[in-house]
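Breakdown of the fold
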Amino acid sequence: MFREFATVYPGHIDLPDHGQNATPANERRFSNEQLAGVFAKTEAVAKLMDRSGWDTLWMAEHHFQYEGYEVIPNLLMAAVHLCHLTTRLKIGCGFNIAPMWHPLRLAEDYAVADILTKGRTVFGVGRGYHSREVETFGAPIIDQDANRELFEEQIEVIFKAFNNESFSHKGKHYTLPPEVPYRGYTLKELTLVPRPVNMPVECWQPVVSAGARGLDFMIKHGMKGAVGGGAATMREGPITAYREAAARAGIDLKLGENLMMGMADTKEKAVKELRPLYEEHAKMFAPLGFVPGVNAAQIEAIGRRGGWDEAGVPTLDHFMKLGSWFAGTPDELIAYLKELESRYPGMEHINISTPMSAPESVMLEQLGWVAEAVMPKFKQG
């Protein structure tokens, strides 16, 4: 049953206009002052969530987005700051993009955040999907096989560093440590200083394609899975596939166990206001492959002003029928979540998020009423 309630705030500014008839995504550009304002918005969201009983605020690591959609480049620094402003809220890294890091720097920085926040920073890793980001940092993403190969070796290194007093590693991309002279001896092993103090490290990874290789790798390292984004409309597939991967490793999981499901949320009276927010979401994510079912012609249409209906772009109503977007009263949301609980008896984490580009006032309103009217129905059993 659902015990942990979370939301994702990817780090968008309050955009001045929304929807298919507003500014196309590639034409947006904001000042540094506007982009830096996202951190005050993050503080407001975290403080409300902390005082109203939410469990985890997940944020997304992204870079170079002058368009204003995802503007937080360092989740671990943000987590430390936010935990100093709150008392109980956990801050989730959703996700640190490992190919843009040296694995030992990521391991060190997480360990510091773990200590400074007294265990309230939740580790999460991903492979990335923005070519502008990953390739700029010198890692592959257009070559998906090379990206996965690098990512998997990095995760091997990170968990060796977390779980061992000393370690070494020799692979295709990393030889750690290099066998160099140091203080009169040849270096053979390293110790991560500091290591996390809250062990074992809880680690999450997004589940999108739900391929056997990726899921087997997650199970091998005890990684939990966040089902959302492009996978939200095919959630039965990833959830079943994750349990099957566990079974291949000899682990018996209930359907949904060690997984978190994501969904977008709003009030019924705001469906009209939700539509342009959905359209802004599509403008951001369709060209990146995270709006299921769109074809090349529809993606081209999404990049222009208007004309989406003529191009057959999937509508908000389409995704509401599929269950990945929700609009309704608190009672309707409670009923919907209860139905999900019955379908996935092992799932304890639910991620209810406002749409990409939702203004701060809308985010705070939505998070407030979910905490007041919905969460108590689950947290009290």
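Given the structure is predicted, the values throughout are model-derived calculations rather than measurements.

Thoughts on helix 7 (residues 212–220)
For helix 7, the set of buried residues is Gly-214, Leu-215, Phe-217, Met-218 and Ile-219. For helix 7, the secondary structure elements touched by its buried residues are helix 6 (144–163), strand 10 (203–207), strand 11 (224–227) and helix 8 (236–248). Positive backbone phi, approximately 70°, marks Gly-222, located one or two places after helix 7.

Here's the deal with the layout of surface pockets
One number sums up the size of the second largest pocket: a volume of about 340 Å³. At the level of elements, helix 5 (131–134) and helix 9 (271–285) are the ones that each hand at least two residues to the lining of the second largest pocket. Residues that form the lining of the second largest pocket fall into these classes: 6 nonpolar, 5 polar and 3 charged.

Structural notes on the nonpolar core
Counting residues in hydrophobic clusters, the biggest one holds 112 residues, and the most contacted among them are Trp-54, Leu-57 and Leu-337. Those residues within four positions of Trp-54 in sequence are excluded, and the remaining contacts are Phe-5, Ala-6, Thr-7, Met-49, Arg-88, Leu-89, Ile-352, Leu-367, Val-370, Ala-371 and Met-375. Among the nonpolar cores identified, the runner-up in size contains 7 residues, and Ala-6, Trp-58, Phe-95 and Val-122 belong to it.

Concerning the pattern of salt bridges
In total, this model carries 22 salt bridges according to the counting rule given. When the shortest N-O distance is used, the salt bridge between Glu-348 and Arg-3 registers 3.9 Å. Of the two residues, Glu-348 sits in the loop between helix 13 (330–343) and strand 14 (349–353) while Arg-3 sits in the segment before strand 1 (4–9), which places them 345 residues apart along the sequence. The partly exposed category is assigned to Glu-348, whose relative accessible area is 36%. In this structure, Glu-280 and Lys-283 form a salt bridge, with 3.1 Å as the shortest nitrogen-oxygen distance. Taken as a pair, Glu-280 and Lys-283 lie in helix 9 at a separation of 3 residues, close to a single helical turn. The same class applies to Glu-280 and to Lys-283, which are both buried.

Notes on empty space enclosed by the protein
Take a probe with the size of a water molecule and roll it over the atoms, and the empty space left behind shows itself. Inspection of the entire model under this criterion finds 1 cavity of 30 Å³ or more. Taken as a whole, the largest cavity holds about 80 Å³ of empty space. Around the largest cavity, the lining residues are Glu-4, Phe-5, Ala-6, Asp-55, Thr-56, Trp-58, Lys-90, Val-122, Glu-202, Trp-204, Met-260 and His-349. Of all the secondary structure elements, the ones that give two or more residues to the lining of the largest cavity are strand 1 and strand 2 (56–59).

Rules used throughout
- Residues numbered from 1 in each chain as written.
- Predicted model: local features only at pLDDT ≥ 70, side-chain atom pairs only at ≥ 80, totals over all residues.
- Heavy atoms only, no water.
- Buried < 20%, exposed > 50% of the residue type's maximum accessible area, 1.4 Å probe, protein only.
- Helix = DSSP H or I, 4+ residues; strand = E, 2+ residues; numbered from the N terminus.
- Contact = heavy atoms within 4.5 Å.
- 1 Å grid on protein atoms, 1.4 Å probe; cavity = no way out; pocket = protein on both sides within 12 Å on 5 of 7 lines; lining within 4 Å.
- Points joined across faces, edges and corners; volume = space filled by probe spheres on them.
- Nonpolar A, V, L, I, M, F, W, Y, C, P; charged D, E, K, R; others polar.
- Core = buried A, V, L, I, M, F, W, Y, C linked by side-chain atoms within 4.5 Å.
- Salt bridge = Lys/Arg side-chain N within 4 Å of Asp/Glu carboxyl O.

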